[in-house]
Amino acid sequence: MDKGKEPSKKRKSIKRKKKNVKMFPFYRMISWDLLFYYPIIFLFLTQVKGFSASQALFADTFYTLANTFWQIPVTWLVDRIGKRNSLIVGNVLYSISILAMIFMKNYYELLIIQFIYALGYSIKGICETNILYESLPAHVKRGKLFSKIEAKASSNFFYFDGISSVIAGLTFAINGYIPMILCFITCVICTIYTLRFNHTTIVEEKVEVISLKTYINQLKDAFQFFKKSKRVKSLFIFNAIFMGVLLGVVNLRSSMLKEMQVPEAWFGIIFAALQIGAGLLARYQDKIQKALKNKTLTILSVPVTVSCILIGFIGKDPLSKSSLILIVLLYFIQQSVRGPYMGLMSRYLNNFTNKKIRSKISAFKNLTANLSIALFTFICSVLLNITSTANTFIIVGCIFTAALVIMLDYMRDKVGIKPEYYTKEDVKYSIKKPKLKEEKKKN
């Protein structure tokens, strides 16, 4: 009887996973990040709510620190109630945060909202790509298949976000609250759509409850893995530095456009162009990986930090039309990289892992990245109090370019090498362990 039930359960599990894979591209398209939000949030906070540019950036710093705070508790929550249930909670928190932001009256309320929003973002960050990865068949081409689906979904998001950016800029010129209301509506739609996802395993439906002590021991074991694996440690540090620039620079772009006296309606059009660029490259992340191989991270990252320096020098002539065109082109380079990078980094970190360690990897990746983003935005908020946006771009660009070059040199013989050259610690949690060079010699 029991033997008869096992194949039935397995077929049911495969069917559920196939549904997740089928649903994921549309979900990613409308939920990867907040739609209608980023092109106007700086203007919303400074013009509609009356906060200063420095306060807006400090709120971002507070958000990233809150995101860091939530990583470990959220990892425990996800393992306790399952990824599907956690994803529902994350989207509900997103909806509540945007609604509260519309009605907030003072700066302290904004900080509380950022704390709640960070909780939702932390949950989504751990669950979303892992739901897709764990819904795919566990074979050698899993990473390639994941990258292909993620690339298509991310690309569609950037196109859709580009359209929403234009609408956000135009509607903001009519009334500053309209884009925020549209953002709230999309959050609610995402929440409803999330209800259709299935658990990635039948075990998750029954919810395996573990004690806090056991969970802390699991985290300690995971931390030891990160500490001893030079490959994973290198990827974490690199990702932290690069994400600090990639996401920390978003509000700084708006500040530069504001100083250049760009009309509010243009913000949406400019950000739409940036998102289309990201969408174009996101679709080809697998081809980019094949073409660039172990130089992928170098070629994607260095132009972004160098562009910050160039933006600063060009922006010293704020009223020039040619300066604006050049700056938008540099923005385009920065945002275009985001599309393929996010998917490729998820793929690199998921390689040589199993389900036990995957959610911890996502948590530690987000934790280190958030600390770096918080540092970046804090430096920017301090610098904006004492100097212009152009000088701020130059200073942070120089700091992070130097940090990236040092890190890339350190990673040279630790990441992007042939599987057999990795250490035992690097492949400790691999589902199918590659035959290491030392083992080959012994044989």
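Residues numbered from 1 in each chain as written. Predicted model: local features only at pLDDT ≥ 70, side-chain atom pairs only at ≥ 80, totals over all residues. Heavy atoms only, no water.

**Topic: the overall build of the chain**
Rules: Each helix corresponds to a stretch of at least 4 residues labelled H or I by DSSP, and each strand to a stretch of at least 2 residues labelled E; elements are numbered beginning at the N terminus. Think of it in three bands: with a 1.4 Å probe and only protein chains considered, a residue is buried below 20% of the maximum accessible area for its type, exposed above 50%, and partly exposed in between. Throughout, a contact is declared for two residues whenever any of their heavy atoms are within 4.5 Å. All accessibility values rest on the Shrake-Rupley procedure with a 1.4 Å probe; residue burial counts only the protein chains present in the view.
Along the chain, the regular secondary structure elements total 18 helices and zero strands. When each of the 443 residues of the chain is scored for burial, the buried share is 56%. Long-range contacts, defined as pairs at least 24 residues apart, comprise 85% of the intrachain contacts of the chain with a sequence gap of at least 6. Of the roughly 19,700 Å² of accessible surface on the chain, a fraction of 66% belongs to carbon and sulfur atoms.

**Concerning the packing of aromatic side chains**
Note the cut-off: When the centres of two rings from Phe, Tyr and Trp lie within 6.5 Å, Trp using its six-membered ring, the rings pair. Their planes under 30 degrees apart give stacked, over 60 give edge-to-face, and anything left gives tilted. As a reminder, the over-ring test applies to NZ of lysine and CZ of arginine, requiring each to be within 6 Å of the ring centre and within 35 degrees of the ring normal.
The final tally for this structure, using the stated rule, is 19 aromatic pairs. In this structure an aromatic cluster arises from ring pairing among Y37, Y38, Y63, Y94, Y117 and Y121. Sitting above the plane of the Y331 ring, R253 keeps its charged end 5.7 Å from the centroid.

**A word on the pattern of salt bridges**
The line we're drawing: Should a side-chain nitrogen of Lys or Arg be within 4 Å of a carboxyl oxygen of Asp or Glu, the pair is scored as a salt bridge.
Under the criterion given, the structure shown has one salt bridge. Residue D409 pairs with R412 through a salt bridge whose shortest N-O separation is 2.7 Å.

**Some points on the packing of helix α11 (residues 250-259) against helix α17 (residues 389-411)**
Operational definition: Between the N-to-C directions of two axes lies an angle of 0 to 180 degrees, each axis being a line fitted to C-alpha atoms and, for a helix, fitted only over the stretch in contact. In this classification, Asp, Glu, Lys and Arg are treated as charged, Ala, Val, Leu, Ile, Met, Phe, Trp, Tyr, Cys and Pro as nonpolar, and every other residue, Gly included, as polar.
With their axes 9 Å apart at the nearest point, α11 and α17 run at an angle of 145° to one another. Here α11 contributes L252, R253, S255, M256 and E259 to the contact with α17, which in turn contributes T389, A390, T392 and F393. Along the lines of polarity and charge, the residues of the contact of α11 with α17 split into four nonpolar, three polar and two charged.

**Observations concerning helix α7 (residues 178-194)**
For clarity, the threshold we go by: Every helix has an expected span of 1.5 Å times one less than the residues it contains. To obtain the arc, one takes the directions from the helix axis to the C-beta atoms.
Between its first and last C-alpha atoms α7 spans 25 Å; for 17 residues at 1.5 Å apiece the expected length is 24 Å, and the two agree. Along α7, the positions that sit buried rather than exposed are P179, M180, C183, T186, C187, C190, T191, Y193 and T194. Down the axis of α7, the smallest arc covering the buried residues is 165°, so these residues share one side.

**Here's the deal with the confidence of the model for the chain**
Let me state the cut-off plainly: Known as pLDDT, the predictor's per-residue confidence is scaled from 0 to 100.
Per-residue confidence for the chain gives a mean pLDDT of 80; residues scoring 70 or more make up 82%. Low pLDDT, under 50, characterises residues 202-209; the predicted model gives this stretch 14 contacts beyond four residues in sequence or across chains.

**With respect to the nonpolar core**
Proteins that are soluble and globular tend to have nonpolar side chains buried together. Going by this rule: We call a set of buried Ala, Val, Leu, Ile, Met, Phe, Trp, Tyr and Cys residues a nonpolar core when their side-chain atoms join them within 4.5 Å.
One finds F44, M101, M180, F238 and Y341 to be the most contacted residues of the largest nonpolar core, which totals 108 residues. Here this core gets twelve residues from one element, more than from any other, and that element is helix α15 (residues 321-350). Other than its neighbours up to four places away in sequence, F44 contacts K49, M101, I102, M104, F172, G176, Y177 and M180. One finds V21, Y133, I149 and A153 within the second-largest nonpolar core, a separate group that totals eight residues.

**Looking at a positive patch on the surface**
How we decide: Here, patches come from residues exposed beyond 30% relative accessible area and free of salt bridges, joined within 9 Å for like charges and within 5 Å for nonpolar side chains (Val, Leu, Ile, Met, Phe, Trp, Tyr). We treat Lys and Arg as the positive residues and Asp and Glu as the negative residues; His and chain ends play no part in the count. Charge placement uses NZ in Lys and CZ in Arg. For Asp and Glu, CG and CD serve respectively.
Together, K144, K148, K152 and R283 make up a positively charged patch on the protein surface. Within the secondary structure, R283 sits in the loop between α12 (264-282) and α13 (285-292). Overall, the relative accessible area of 34% leaves R283 in the partly exposed class.

**Side note on the side chain of R28**
Tracing the backbone shows R28 in helix α1 (residues 2-31). We classify R28 as buried; its relative accessible area is 4%. Those residues within four positions of R28 in sequence are excluded, and the remaining contacts are E128, T129, E150, A153, S154 and F157.

**Re the state of the cysteines**
The condition is simple: Here, two cysteine sulfur atoms that lie within 2.5 Å of each other are counted as a disulfide.
Going through the model one piece at a time under the given rule, you end up with zero disulfides. Here C190 is not disulfide-linked; the sulfur of C187 is the nearest cysteine sulfur, at 6.3 Å.

**Here we look at unusual backbone geometry**
Look at F36: it is not a glycine, yet its phi comes out positive at around 70°. Looking at the element boundaries, F36 is found in the loop between α1 and α2 (38-48). On the basis of relative accessibility, which here comes to 10%, the residue F36 falls in the buried class.

**Structural notes on the environment of W32**
In this fold, W32 is placed in the loop between α1 and α2. Between the C-alpha atoms of W32 and K124, which are 92 residues apart in sequence, the distance is 8.8 Å. Those residues in contact with W32, other than ones at most four positions away along the chain, are Y27, S154, F157, F158 and M342.

**Remarks on α11**
Counting buried residues along α11, eight of its ten residues qualify, which places the element largely inside the surrounding structure. Within α11, the full set of buried residues consists of V250, N251, L252, R253, S254, S255, M256 and L257. Q261, located one to two residues past α11, shows a positive phi value of around 60°.

**Describing a nonpolar patch on the surface**
Taken together, F58, F378, V382 and I386 make up a surface patch of nonpolar side chains, about 380 Å² in accessible area. Secondary-structure assignment places F378 in helix α16 (residues 355-386).

**Observations concerning the packing of helix α4 (residues 83-103) against helix α5 (residues 107-135)**
Heads up, the rule is: Should an angle lie under 35 degrees it is considered roughly parallel, over 145 roughly antiparallel, and from 65 to 115 roughly perpendicular; all remaining angles are considered oblique. Rotating anticlockwise by less than a right angle from the far helix to the near helix defines a left-handed crossing, while the corresponding clockwise rotation defines a right-handed one.
At a minimum axis separation of 8 Å, α4 and α5 run at an interaxial angle of 150°. What the angle tells us is that α4 and α5 run roughly antiparallel. The two elements α4 and α5 meet at a crossing, and its hand is left-handed. Residue composition of the contact of α4 with α5, by class: 16 nonpolar, seven polar and six charged.

**Things to note about the environment of F51**
Structurally, the position occupied by F51 is in the loop between α2 and α3 (53-81). Classification of F51 by relative accessible area gives buried; the value is 9%. Linking F51 and N106, residues 55 residues apart in sequence, is a C-alpha distance of 8.9 Å. Not counting the four nearest positions on each side in its chain, F51 is found in contact with L45, T46, M104, N106, Y107 and L110.

**Describing the side chain of S164**
For the record, the criterion: Nitrogen and oxygen atoms within 3.5 Å of one another constitute a polar contact, given that in protein one can donate a hydrogen and the other can accept it, and given that sequence-neighbouring residues count only through two side-chain atoms.
Among the secondary structure elements, S164 is positioned in helix α6 (residues 142-174). The class for S164 is buried, based on a relative accessible area of 4%. Among the polar contacts made by the side chain of S164, one reaches the main-chain carbonyl oxygen of D161 at a distance of 2.8 Å. In this view, S164 contacts L35 and F36; residues no more than four positions away in its chain are not counted.

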